[in-house]
Amino acid sequence: MNAFEYAPAPESRAVVDIAPSYGLFIDGEFVDAADGKAFKTLSPASEEVLSEVAQAGAEDVDRAVKAARRAFEKWSALPGAERAKYLFRIARIIQERSRELAVLESLDNGKPIRESRDFDLPTVAAHFFYYAGWADKLDHAGYGADPRPLGVAGQVIPWNFPLLMLAWKVAPALACGNTVVLKPAETTPLSALFFADVCRQAGLPQGVVNIVTGDGSTGAELVAHPGIDKVAFTGSTEVGKAIARTVAGTRKKLTLELGGKAANIVFEDAPIDQAVEGIVTGIFFNQGHVCCAGSRLLVQESIQDELLEALKRRMSTLRVGDPLDKNTDIGAINSAEQLARITALAEAGEAEGAERWAPSCELPDTGYWFAPTLFTGVTQAHRVAREEIFGPVLSVLTFRTPAEAVEKANNTPYGLSAGIWTEKGSRILWMADRLRAGVVWANTFNKFDPASPFGGYKESGFGREGGRHGLEAYLDV
């Protein structure tokens, strides 16, 4: 039982004005889809319709790419310091409108307002500030004396961090002198459309940023368009493979940031309470809708019982509910489709013999919800230990030696991230050197910085976003 109850602390919806319908943002203007098609975007917490959004077809994608191509000549010819002014302006406007954008993100995505307000929006602004600083220093980035932009970048982003993934891709592209056609996820298009308004407010030249909304067919049209010079995709490994096949044999440059099944490794000398907080952050942050989520907990056998007792105690305090309530820890699952996938994999875990545990929590009657869940007695053969669940589900495995921990952590087709919890610096370095993961956190988890590159190995994709390394993907080098 909680020592005390939390009174509701809702954030006001009045700070964001969502229009009944939105068009496509092409050449600096909102326009209707050529065939007039549209789709509805829902709030996953209430299933209410938030707005109707245009569905871009092949003709619309072609218009957007041609607008970006026309804008490229002048945009790429601007001195880096001039491009930086626009990026700085965008960053400041995002800061000024951060409360509005945070509420919008929580409404459309389902994530708790605390996370969209305190993590997503500050990190979005930070990425634009960071790459604004690089725009006039490309000669010193290590990619030659006069690195040139590629041209038109086609960017496809996921629904788990809509505005943050936009920033990860748009900021370095613009800083390097490219123009952009961006397709947000079908279930979370609104923050990208609001970003279009931010671009207009910042005075960004027409055609530099274009936004086409739609389902997977829109993304496929964008990726396959012959006028695209660079493709950047964040999303599932399955779709990433399809994109790689489409791009193969063309001149298009490609970066992929795909799925993950990260191991969070806790040694017997780790501070238990600190490790528990890191485990909770690693898997329950953003409802587990995180490609680098620590969805496999590898705990040393000698402390398994102590750690699991502390973890269950902490999970019992997590509050599931209204994303706009500032007390909420775990918000709504993004869609009915994703909820069905999480549910199916959790049921498979039970059917295969793993022991399922979840704290008692009352889930709302409407919307898409899943209680934080823990599986013990898991083997490496279980589906919950092998497949990306992309939800608030943690699988617990044990190990005896560091070598065994490395072997189990690397026994996955993915290679995006990992976490190490120990007091021994030498062990951290020994483990990090052997873990096949693009990002390794030590005594923390899910920490991000615009100056730090992010990306994976194997089926987690290739290429890096963030930091100096993130410039290379948008330069002709």
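Residues numbered from 1 in each chain as written. Predicted model: local features only at pLDDT ≥ 70, side-chain atom pairs only at ≥ 80, totals over all residues. Heavy atoms only, no water.

A.B. asks: How should the overall build of the protein chain be read in this particular structure?
C.D. replies: Tallying secondary structure elements over the protein chain gives 15 helices and 20 strands in all. Relative to its length of 477 residues, the protein chain is compact, with a C-alpha radius of gyration of 22 Å against a globular reference of 23 Å. Each principal axis of the C-alpha distribution contributes one length, and for the protein chain these read about 65 × 50 × 35 Å. Considering the protein chain as a whole, with its 477 residues, one finds that 60% of them fall into the buried category. Of the accessible surface of the protein chain, which amounts to about 18400 Å², a share of 50% is contributed by carbon and sulfur atoms. (Helix = DSSP H or I, 4+ residues; strand = E, 2+ residues; numbered from the N terminus. Rg over C-alpha atoms; globule rule 2.2 N^0.38 Å. Buried < 20%, exposed > 50% of the residue type's maximum accessible area, 1.4 Å probe, protein only. Areas by Shrake-Rupley, 256 points an atom, 1.4 Å probe, with all protein chains shown as cover.)

A.B. asks: How do you make sense of the nonpolar core when you look at a structure like this?
C.D. replies: Soluble globular proteins tend to bury their nonpolar side chains together. Counting 111 residues, the largest nonpolar core has I94, F128, F195 and L311 as its most contacted members. Element by element, the count of residues in this core is highest for helix α5 (residues 162-175), at 11 residues. Domain assignment of the residues forming this core places at least three in each of domain 1 (13-258 + 457-474) and domain 2 (263-442). Ignoring anything within four residues of it in the chain, the contact list for I94 reads L101, L121, V124, A125, F128, F195 and V198. (Core = buried A, V, L, I, M, F, W, Y, C linked by side-chain atoms within 4.5 Å. Domains from an automatic or database assignment. Contact = heavy atoms within 4.5 Å.)

A.B. asks: I tried to follow the UniProt feature "active site" (unreviewed entry) in the protein chain on my own but got confused; where do I start?
C.D. replies: With numbering matched to this structure, UniProt assigns "active site" (unreviewed entry) to E257. Summarising the element assignment, E257 is placed in strand β10 (residues 253-257). What makes E257 buried here is its relative accessible area of 4%. E257 has contacts with M165, W168, F233, T234, G235, C291, L416, F454, S460 and E465, leaving out every residue within four places of it along the chain. (UniProt positions renumbered as here; feature names shortened; annotations may be inferred.)

A.B. asks: Mind showing me how you'd approach the pairing of β10 here?
C.D. replies: The two faces of a sheet get side chains in turn, since along a regular strand they alternate between them. Burial within β10 is extensive, with 4 of its 5 residues counted as buried. Alignment of strand β9 (residues 230-234) against β10, held across 5 bridges, turns out to be parallel. What sits directly across from T234, in β10, is E257. After leaving β9, the chain enters helix α8 (residues 237-247) and then returns to the sheet as β10, a path that is right-handed. (Pairing = 2+ DSSP bridges. Right-handed = clockwise from strand over helix to strand, strands pointing away.)

A.B. asks: Please explain empty space enclosed by the protein as it appears in this structure.
C.D. replies: Remark: the empty space left among the atoms is shown by a probe the size of a water molecule rolled over them. Counted under the stated rule, the structure contains 4 cavities of 30 Å³ or more. Approximately 100 Å³ is the volume found for the largest cavity. Taken together, 17 residues form the lining of the largest cavity, with A409, T412, G415, S417 and R436 sitting closest to its centre. For the lining of the largest cavity, the secondary structure elements donating two or more residues are β16 (414-415) and β17 (417-421). Class assignment of the residues belonging to the lining of the largest cavity gives a composition of 8 nonpolar, 5 polar and 4 charged. If you add up the space inside the second largest cavity, you get close to 80 Å³. Ranked by residues supplied to the lining of the second largest cavity, first place goes to α5 with 3 residues. Within the lining of the second largest cavity, the residues separate by chemical class into 10 nonpolar, 1 polar and 1 charged. For the lining of the second largest cavity, the domains that each give at least three residues are domain 1 (13-258 + 457-474) and domain 2 (263-442). (1 Å grid on protein atoms, 1.4 Å probe; cavity = no way out; pocket = protein on both sides within 12 Å on 5 of 7 lines; lining within 4 Å. Points joined across faces, edges and corners; volume = space filled by probe spheres on them. Nonpolar A, V, L, I, M, F, W, Y, C, P; charged D, E, K, R; others polar.)

A.B. asks: Please explain the layout of surface pockets as it appears in this structure.
C.D. replies: Put simply, the largest pocket is a space of about 1300 Å³. Every element with two or more residues in the lining of the largest pocket is listed here: β4 (38-42), α7 (216-224), β9, α8 and α11 (336-351). Take the lining of the largest pocket: its biggest share by element is 7 residues, from α8. Classifying every residue of the lining of the largest pocket gives 21 nonpolar, 15 polar and 11 charged.

A.B. asks: I'm lost on helix α9 (residues 272-284) in this one. Help?
C.D. replies: Two residues of an α-helix separated by three or four positions point the same way, owing to the 3.6 residues in each turn. Given a rise of 1.5 Å per residue, 13 residues ought to cover 18 Å, and the 18 Å separating the end C-alpha atoms of α9 matches this to within 8%. Taken together, the buried positions of α9 are occupied by I272, A275, V276, G278, I279, V280, G282, I283 and F284. Of the surrounding elements, those touching the buried residues of α9 are β11 (263-266), β12 (296-300), α10 (304-315), β14 (373-376), β15 (393-399) and β17. Two residues or fewer past α9, N286 is found with a positive phi of approximately 60°. (Expected span 1.5 Å × (residues − 1).)

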